[in-house]
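Chain by chain, the residues run as shown.
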Amino acid sequence: AQSVTQPDIHITVSEGASLELRCNYSYGATPYLFWYVQSPGQGLQLLLKYFSGDTLVQGIKGFEAEFKRSQSSFNLRKPSVHWSDAAEYFCAVGAGYNQGGKLIFGQGTELSVKP
Amino acid sequence: SQTIHQWPATLVQPVGSPLSLECTVEGTSNPNLYWYRQAAGRGLQLLFYSVGIGQISSEVPQNLSASRPQDRQFILSSKKLLLSDSGFYLCAWSVSDTQYFGPGTRLTVL
């Protein structure tokens, strides 16, 4: 069965520092992969997605993610974090063909940004 | 462009009362629709999804039900709320395998 693991429940980085959020997935075929961000009390916003092609994906707000099939990973990166990036980040994998477009979500990583 | 609406934004209900949360999508046709719940400090739990009018799939047996009376309308209901139904309820729509989320409804059951 498909699954997503985000090993880090909470990460704190200093403003201006680089960021990497980890995501590992379990899926038998080529996965559809997503990163979402959620600010407190709000819905989820799509940051980026990977379906096929170039394994380095650019998203909104200066984020990027790299698909590494050999490591079953889809880590999210940002070269310089801003205070407004403090939020919860969710990685997700598509549940597969004929599954109604369902997504399997990780448990999330909460990002705090120090001034 | 597509937009998704959820109402109400906030709701406080007594235990045993009924519930109706509504979600509507604009600017797209025949979307897949989803209801999720987030309990405090926890991840997303998929409750229901729908691939068409009147077609509902339940992911988790519970005190809730869902209906899709129109193509772009998805309703989450309960006849009698439990304390454990408290949480943040999110509706989402998708076309071509990408989901887009609404602003959510904060439900507190007292």
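Heads up: these notes are all about the structure in this document. Sequence positions are assigned chain by chain, starting from 1 and proceeding in written order. Labels follow written order: the first chain is A, the first ligand is 1, and so on. Totals for whole chains, interfaces and linings use every residue, but because this is a predicted model, local features are given only for residues with pLDDT of at least 70 and side-chain atom pairs only at 80 or more, for both listing and counting. Only hydrogens and water are set aside when side-chain values are computed; all heavy atoms of the structure are taken into account.

Moving on to the overall build of chain B. Comment: elements are numbered from the N terminus, with helices defined as DSSP H or I runs of at least four residues and strands as E runs of at least two. Helix and strand counts for chain B come out as zero helices and 11 strands. What you see in chain B, going N to C, is helices and strands ordered as β-β-β-β-β-β-β-β-β-β-β. Each residue's exposure class comes from its accessible area (1.4 Å probe, protein chains only) as a fraction of the maximum for that residue type: buried when under 20%, exposed when over 50%, partly exposed otherwise. In chain B, which comprises 110 residues, the proportion classed as buried is 48%. Contact definition: two residues touch when any of their heavy atoms are within 4.5 Å. Here the contacts in chain B between residues at least 6 apart in sequence split such that 54% fall between residues at least 24 apart. All accessible areas in this document rest on Shrake-Rupley with a 1.4 Å probe, and a residue is counted as covered only by the protein chains that are shown. Put simply, chain B shows about 5100 Å² of open surface, and 52% of that area lies on carbon and sulfur atoms.

Residue and element names in this part refer to chain A. By the element assignment, Thr 109 lies in strand β12 (residues 109-114). The exposure class assigned to Thr 109 is buried, which follows from its relative accessible area of 1%. Polar contacts, as used here, are pairs of N or O atoms within 3.5 Å; protein pairs need one atom able to donate a hydrogen and one able to accept it. Residues neighboring in sequence count only if both atoms are side-chain atoms. One polar contact links the side chain of Thr 109 to the main-chain carbonyl oxygen of Asp 8, over a distance of 2.6 Å. Setting aside residues no more than four positions away along its own chain, Thr 109 makes contact with Gln 6, Asp 8, Ile 9, Ile 11, Leu 21, Ala 87, Glu 88 and Tyr 89.

Our next topic: the state of the cysteines. Put simply, a disulfide is two cysteine sulfurs that come within 2.5 Å. Tallied over the entire structure, the rule returns two disulfides over all chains. Between the sulfur atoms of A:Cys23 and its disulfide partner A:Cys91 the distance amounts to 1.9 Å. Where A:Cys23 bonds to A:Cys91 through sulfur, the torsion about that S-S bond is close to -65 degrees, and the disulfide is left-handed. Of this pair, A:Cys23 sits in the loop between β3 (19-21) and β4 (24-26) while A:Cys91 sits in strand β10 (residues 87-94), and the two are 68 residues apart along the sequence. B:Cys23 shares a disulfide with B:Cys91; S-S distance 2.0 Å. Because the torsion about its S-S bond is -75 degrees, the bridge between B:Cys23 and B:Cys91 counts as left-handed. With B:Cys23 in strand β3 (residues 19-26) and B:Cys91 in strand β9 (residues 87-95), this residue pair connects regions lying 68 residues apart in the sequence. One exposure class covers both B:Cys23 and B:Cys91, and it is buried.

So, on to the pairing of strand β1 (residues 3-7) of chain B. Residues and elements named next belong to chain B. What you see with β1 is a clean split: Ile 4 and Gln 6 sit on the buried side and Thr 3, His 5 and Trp 7 on the side with no burial. When DSSP locates at least two bridges between a pair of strands, those strands are taken to pair. Pairing of β1 with β3 involves five bridges; the strand directions are antiparallel. In the sheet register, Trp 7 faces β3, and the bridge partner there is Glu 22.

Moving on: the nonpolar core. All names here are of chain A. Residues Leu 19, Trp 35, Leu 47, Leu 48, Phe 74, Leu 76 and Tyr 89 are the most contacted members of the largest nonpolar core, which totals 26 residues. Breaking this core down by element, the ones donating at least two residues are β2 (10-14), β3, β5 (33-38), β6 (44-50), β8 (64-68), β9 (73-78), β10 and β12. Counting residues per element, this core draws most heavily on β10, at four residues. The residues touching Leu 48, leaving out its near neighbours within four places in the chain, are Leu 33, Phe 34, Trp 35, Val 57, Gln 58, Gly 59, Phe 63, Glu 64, Ala 65, Phe 74 and Leu 76. The term nonpolar core refers to a set of buried residues drawn from Ala, Val, Leu, Ile, Met, Phe, Trp, Tyr and Cys, joined through side-chain atoms within 4.5 Å.

Below, the discussion takes up the pairing of strand β8 (residues 73-78) of chain B. Residue and element names in this part refer to chain B. Within β8, five of the six residues are buried, which leaves the element mostly enclosed by the surrounding structure. In this sheet, β8 lies alongside β3 in antiparallel orientation, the contact comprising six bridges. If you follow Thr 24 over to β8, its bridge partner there is Gln 73. Bridging between strand β7 (residues 65-70) and β8 involves four bridges; their strand directions are antiparallel.

Attention now goes to the packing of aromatic side chains. Pairing of aromatic rings covers Phe, Tyr and Trp, the last through its six-membered ring, and needs centres within 6.5 Å; plane angles under 30 degrees mean stacked, over 60 mean edge-to-face, and all others mean tilted. Tallying each qualifying case throughout the model produces 17 aromatic pairs over all chains. Put simply, the rings of A:Tyr32, A:Phe34, A:Tyr36, A:Phe51, A:Phe90, A:Phe105, B:Tyr34, B:Tyr36, B:Tyr49 and B:Phe101 pair up and form one aromatic cluster.

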